[in-house]
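# Survey of secondary and tertiary structure
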Amino acid sequence: MGPLFEKFFRKIEATETTFLRSAMDRIHWEARLIGIKGARGVGKTTLMLQYIKIHLPLDGATLYVSLDNIWFAKNSLYDLADEFVKKGGRHLFLDEVHKYPNWSQEIKNIYDDYPELQTVFTGSSMLEILNASADLSRRAIIYQMQGLSFREYLNLKLGKDLPIFKLKDLLDNHSELARGILKDIKPLQHFDDYLNNGYYPFFQEVPDLYHQRIEEVVNMSLEIELPLLRKVDIAYIPKLKQLLQIISESVPFIPNVTKLSQRIGINRNTFISYLFFLQEAHLTRNLYKDVRGITQLQKPDKIFLENTNFQFAFAPENADQGNLRETFFLNQVNYFHEVEYMDKGDFMVDRKFTFEIGGKSKTTEQIKNSKSGFVAADGIEYGIGNKIPLWLFGFMY
């Protein structure tokens with residue numbers, strides 16, 4: 001175990017704690033078994049290391065390991081936990097568990113056999129908890145992470161500590177909330193930059209290579225995680241990339257399944273499965289009129305890219321302002337709320353609120369007959385009545 005502790009201590013030394021994600025406060029860290037799922041690059045590893053550095057002793061009772069470490073080629077996870085506990089270990093943090101064969105069964109055994117040990121693990125957004133070989137759903141508390149909200153982007157970029165707003169407070173008191181923010185910063189000064197290159201925490205590292213890094217993240221998800229976790233034949237990965245490119249050039253995308261499946265050269269059911277896989281990998285977001293009744297073989301009513309940065313990385317020439325606004329709203333609101341497609345209006349949220357998304361001149365005409373209708377308008381600092389600044393919806397996490 002010595003080499004694992006050595007690598008762990010080096011990582012801790014290099015971990016900054018000046019900026020913390022909102023997920024840090026949302027997770028119930030006292031639980032015995034915690035899972036954190038999320039797409040590549042959103043900051044799961046950093047979150048764990050920050051929590052360790054701030055809250056836990058570095059006296060041998062805490063250990064972080066990545067399960068893609070070559071050490072596990074000859075050693076098992078269960079044996080590591082056994083030795084760790086016998087030497088006084090109490091907090092075990094496991095990164096990239098999906099890269100370890102039979103991870104769910106061994107974590108279940110660790111949980112059952114070592115009640116004094118807390119285990120926290122991270123994995124792909126496609127990680128199966130309920131249907132894995134060992135059902136961890138009754139044991140683990142699972143959290144989902146996504147990229148930076150607009151609020152988190154501003155906090156990281158400007159060194160601020162801007163507050164989170166719940167949807168109800170935002171709808172009821174948006175004018176007052178906006179005034180509080182505008183006393184400190186000018187959100188619209190930074191909004192376009194966020195849409196272009198602010199979703200992933202690595203945006204500050206090498207700005208000129210940001211979109212290239214996004215492409216690398218996407219390629220790793222498609223080429224490694226889909227074959228590993230969804231058993232997609234590697235020969236079909238180019239077709240998935242082709243589909244993602246088609247969606248990028250056409251969003252918001254209303255799929256014609258018959259034509260597109262013929263164009264790509266796959267059958268209808270396989271095509272719809274691919275659409276489902278792209279959403280599971282957090283590359284797209286599928287919108288349905290009835291999200292609670294969907295099945296994996298149901299065609300989405302509309303498809304968006306998962307975040308606005310993808311548009312500039314994959315098809316910048318198709319970066320339509322209207323689509324960017326809708327993608328931003330969907331990404332930020334759908335994290336904690338149910339969002340559905342509707343014929344009249346752009347989105348239905350929590351089966352209660354109707355939203356139209358547009359520019360500063362957008363009127364409430366299309367929602368005038370809705371008792372709970374709102375306009376999320378870009379290009380305005382303050383709203384009035386049921387017309388709310390779009391940027392405020394980036395303060396929900």
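This write-up is about the structure you can find in this document. (Residues numbered from 1 in each chain as written. Predicted model: local features only at pLDDT ≥ 70, side-chain atom pairs only at ≥ 80, totals over all residues. Heavy atoms only, no water.)

### Points about the overall build of the protein
- Secondary structure summary: the protein contains 14 helices and 12 strands in total.
- A globule of 397 residues ought to have a C-alpha radius of gyration of about 21 Å, and the protein, at 22 Å, matches this closely.
- For the protein, the spread of C-alpha atoms along the three principal axes comes to 70 × 55 × 40 Å.
- Residue burial in the protein is summarised as follows: out of 397 residues, 56% are buried.
- The contacts of the protein with a sequence gap of at least 6 include a subset with a gap of at least 24, amounting to 67%.
- Per element, the accessible surface of the protein, about 17,600 Å² overall, is 48% carbon and sulfur.
- Distance from the positive charge centre (48 side chains) to the negative charge centre (50 side chains) of the protein: 3 Å. (Helix = DSSP H or I, 4+ residues; strand = E, 2+ residues; numbered from the N terminus. Rg over C-alpha atoms; globule rule 2.2 N^0.38 Å. Buried < 20%, exposed > 50% of the residue type's maximum accessible area, 1.4 Å probe, protein only. Contact = heavy atoms within 4.5 Å. Areas by Shrake-Rupley, 256 points an atom, 1.4 Å probe, with all protein chains shown as cover. Lys, Arg positive; Asp, Glu negative; His and termini not counted. Charge placed at Lys NZ, Arg CZ, Asp CG, Glu CD.)

### Details of the pairing of strand β11 (residues 373-377)
- By the criterion of burial, β11 is predominantly enclosed, with five of the five residues buried.
- Of the two faces of β11, the one carrying Gly373, Val375 and Ala377 and the one carrying Phe374 and Ala376 are both buried.
- Sheet analysis places strand β10 (residues 353-358) next to β11, joined by five bridges and oriented parallel. Bridge pairing links Phe355 to Phe374 in β11.
- In this structure, β11 lies alongside strand β12 (residues 387-389), joined through three bridges in parallel fashion. In the sheet register, Ala377 faces β12, and the bridge partner there is Pro389. (Pairing = 2+ DSSP bridges.)

### Quick word on helix α7 (residues 167-182)
- With 16 residues, α7 extends only 19 Å from end C-alpha to end C-alpha; this falls clearly short of the ideal 22 Å at 1.5 Å per step.
- The sharpest bend along α7 comes to roughly 95°, located at Asn173.
- Looking at α7, one finds that the buried residues are Leu167, Leu170, Leu171, His174, Leu177, Ala178, Ile181 and Leu182.
- Contacts made by the buried residues of α7 are with β9 (347-349), β10, β11 and β12. (Expected span 1.5 Å × (residues − 1). Bend = angle between axes of the 7 residues up to and from the residue.)

### As for helix α10 (residues 237-248)
- Helix length check: α10, at 12 residues, gives a terminal C-alpha distance of 17 Å against a target of 16 Å (1.5 Å per residue), a fit within 8%.
- Burial in α10 covers these residues: Ile237, Leu240, Leu243, Leu244, Ile246, Ile247 and Ser248.
- Tucked into the core, α10 has its buried residues touching α9 (210-230), α11 (257-264), α12 (268-280), β6 (284-287), β7 (302-305) and α13 (308-314).

### Looking at the sheet that holds β10
- Taken together, the five strands give an open sheet; going across it, the order is β8-β9-β10-β11-β12, and neighbouring strands pair in mixed fashion. Looking at the sheet topology across the chains shown, the edges are occupied by β8 (339-341) and β12. When the angles between neighbouring strand axes are averaged without regard to direction, this sheet yields 35°.
- The sheet strands contacting α7 are β9, β10, β11 and β12, and the helix crosses β12 at an angle near 115°. (Axes fitted to C-alpha atoms, helices over the stretch in contact; angles between N-to-C directions.)

### Brief notes about unusual backbone geometry
- The amide bond that connects Val251 to the next residue, Pro252, takes the cis arrangement and shows omega of -10°.
- Tracing the chain through its elements places Pro252 in the loop between α10 and α11.
- Positive phi values are uncommon outside glycine, yet Lys231 reaches one of about 55°.
- Looking at Lys231, the relative accessible area reads 69%, which means it is exposed.

### Quick look at the sheet that holds strand β2 (residues 62-66)
- If you trace the five strands from one edge of the open sheet to the other, you get β2-β3-β4-β1-β5, paired in parallel fashion. Strands with a single pairing partner mark the edges of an open sheet, and in this sheet they are β2 and β5 (141-145). In this sheet, adjacent strand axes meet at a mean angle of 15° when their direction is disregarded.
- In the sheet, strand β1 (residues 33-38) pairs with strand β4 (residues 118-123) via five bridges, with the strands oriented parallel. Paired with Ile34 across the bridge in β4 is Val120.

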